Amino acid sequence: FDMYSALLDIFSSAVPLMQDVLDLPEESCDKLFRTWRSEQWLYMLLNGCTRTNFISYSDITKRALDYTEFKLNYSFTPEQKEQLLHHVWENFKAWPEAKEVLDELKARGYTIAMLSNGDRAMLEPLQQSTGIHFDHIFAADMARCHKPGPEIYALPTVELGMDVADFLHVCGSAND
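These numbers come from a predicted model, not from an experiment.

Trainee: How should the overall build of the protein be read in this particular structure?
Mentor: For the protein, the helix and strand inventory stands at 10 helices and 2 strands. In terms of overall size, the protein behaves like a compact globule, its C-alpha atoms giving a radius of gyration of 16 Å where 176 residues would be expected to give roughly 16 Å. In the protein, the proportion of contacts linking residues at least 24 apart, taken out of those at least 6 apart, comes to 63%.

Okay, here's the thing in structure tokens:
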């Protein structure tokens, strides 16, 4: 399962999480997060297109925040930036039905895994905040490649010795 777009309601989650950190109205936090997410995707796709030096999702997220701050004419303190990077990205809420569906799949004997552009260190805390526990986490930093690069999709075949026909990737983004 893709974490950020299939299982997490990141846009609805981000606004109140950002308001915890910043003294801004809801609409400002919404615009800020949407710009931040858009810039994050752009950095990630450009990094994938160049196929030179892999940049971790956490670094991309920091760079996108820096650019968003500049673009929208904000001035965050270093403490606020650190809180935005951790408080927001580690505490997104899952879609209401996500945990129930994944628990049911596990009860039926399926192995569930997360396959995400995120770094493993960013993804592990999400298991705690969502209550969804995965049998495996496949992260971009393991493949040194972001989606849609084929290396990241190959992780289950390499790490678990599975054939491509033996797993299904569930995503919430057209980029997958």
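Trainee: Can you help me understand the environment of Leu22 in this one?
Mentor: Inspection of the secondary structure puts Leu22 in the loop between helix H2 (10–21) and helix H3 (26–50). C-alpha of Leu22 to C-alpha of Leu84: the two residues are 62 residues apart in sequence and 8.7 Å apart in space. Setting aside its immediate chain neighbours within four residues, Leu22 contacts Leu32, Phe76, Gln80 and Leu84.

Trainee: Even after reading the chapter, I still don't get H2, so can you show me in this structure?
Mentor: Along an α-helix, a turn takes 3.6 residues, which lines up residues three or four apart on a common side. Spanning 12 residues, H2 covers 16 Å between terminal C-alpha atoms, matching the ideal 16 Å at 1.5 Å per step. Residues of H2 that are buried: Ile10, Ser13, Ala14, Val15, Leu17, Met18 and Val21. The secondary structure elements touched by the buried residues of H2 are helix H1 (3–7), H3 and helix H5 (78–88).

Trainee: Just to check I follow, could you spell out the pattern of salt bridges for this structure?
Mentor: A side chain of one charge can pair with a side chain of the opposite charge if their charged atoms are brought near each other. According to the stated counting rule, one finds 9 salt bridges in the structure shown. A salt bridge links Lys81 to Asp66; the shortest N-O distance between them is 2.8 Å. Of this pair, Lys81 sits in helix H5 while Asp66 is found in helix H4 (residues 57–71), placing the two residues 15 residues apart along the sequence. Note on Asp66: relative accessible area 37%, which makes it partly exposed. In this structure, the salt-bridge partner of Glu104 is Arg108, at a minimum N-O distance of 2.8 Å.

Trainee: Is there a simple way to explain the nonpolar core in this structure?
Mentor: A general feature of soluble globular proteins is that nonpolar side chains tend to end up buried together. In terms of nonpolar packing, the biggest core is built from 40 residues, with Tyr4, Met18 and Phe92 touching the most fellow members. Those elements giving two or more residues to this core turn out to be H1, H2, H3, H4, H5, helix H6 (98–107), helix H7 (120–130) and strand S2 (136–139). Discounting chain neighbours no more than four positions away, the residues touching Phe92 are Tyr4, Leu8, Ile10, Ser13, Ala14, Leu17, Phe33, Leu126, Ser129 and Thr130. Of all hydrophobic cores here, the second largest spans 9 residues; its members include Leu115, Ala143, Cys145 and Leu155.

Trainee: How do you make sense of the state of the cysteines when you look at a structure like this?
Mentor: Where two cysteines share a covalent bond between their sulfur atoms, that bond is called a disulfide. In this structure the tally under the stated criterion is 0 disulfides. Cys171 forms no disulfide, and the closest cysteine sulfur to it belongs to Cys145, at a distance of 16 Å. Assessed through its relative accessible area of 33%, Cys171 is described here as partly exposed.

Definitions and limits used
- Residues numbered from 1 in each chain as written.
- Predicted model: local features only at pLDDT ≥ 70, side-chain atom pairs only at ≥ 80, totals over all residues.
- Heavy atoms only, no water.
- Helix = DSSP H or I, 4+ residues; strand = E, 2+ residues; numbered from the N terminus.
- Rg over C-alpha atoms; globule rule 2.2 N^0.38 Å.
- Contact = heavy atoms within 4.5 Å.
- Expected span 1.5 Å × (residues − 1).
- Buried < 20%, exposed > 50% of the residue type's maximum accessible area, 1.4 Å probe, protein only.
- Salt bridge = Lys/Arg side-chain N within 4 Å of Asp/Glu carboxyl O.
- Core = buried A, V, L, I, M, F, W, Y, C linked by side-chain atoms within 4.5 Å.
- Disulfide = S-S within 2.5 Å.

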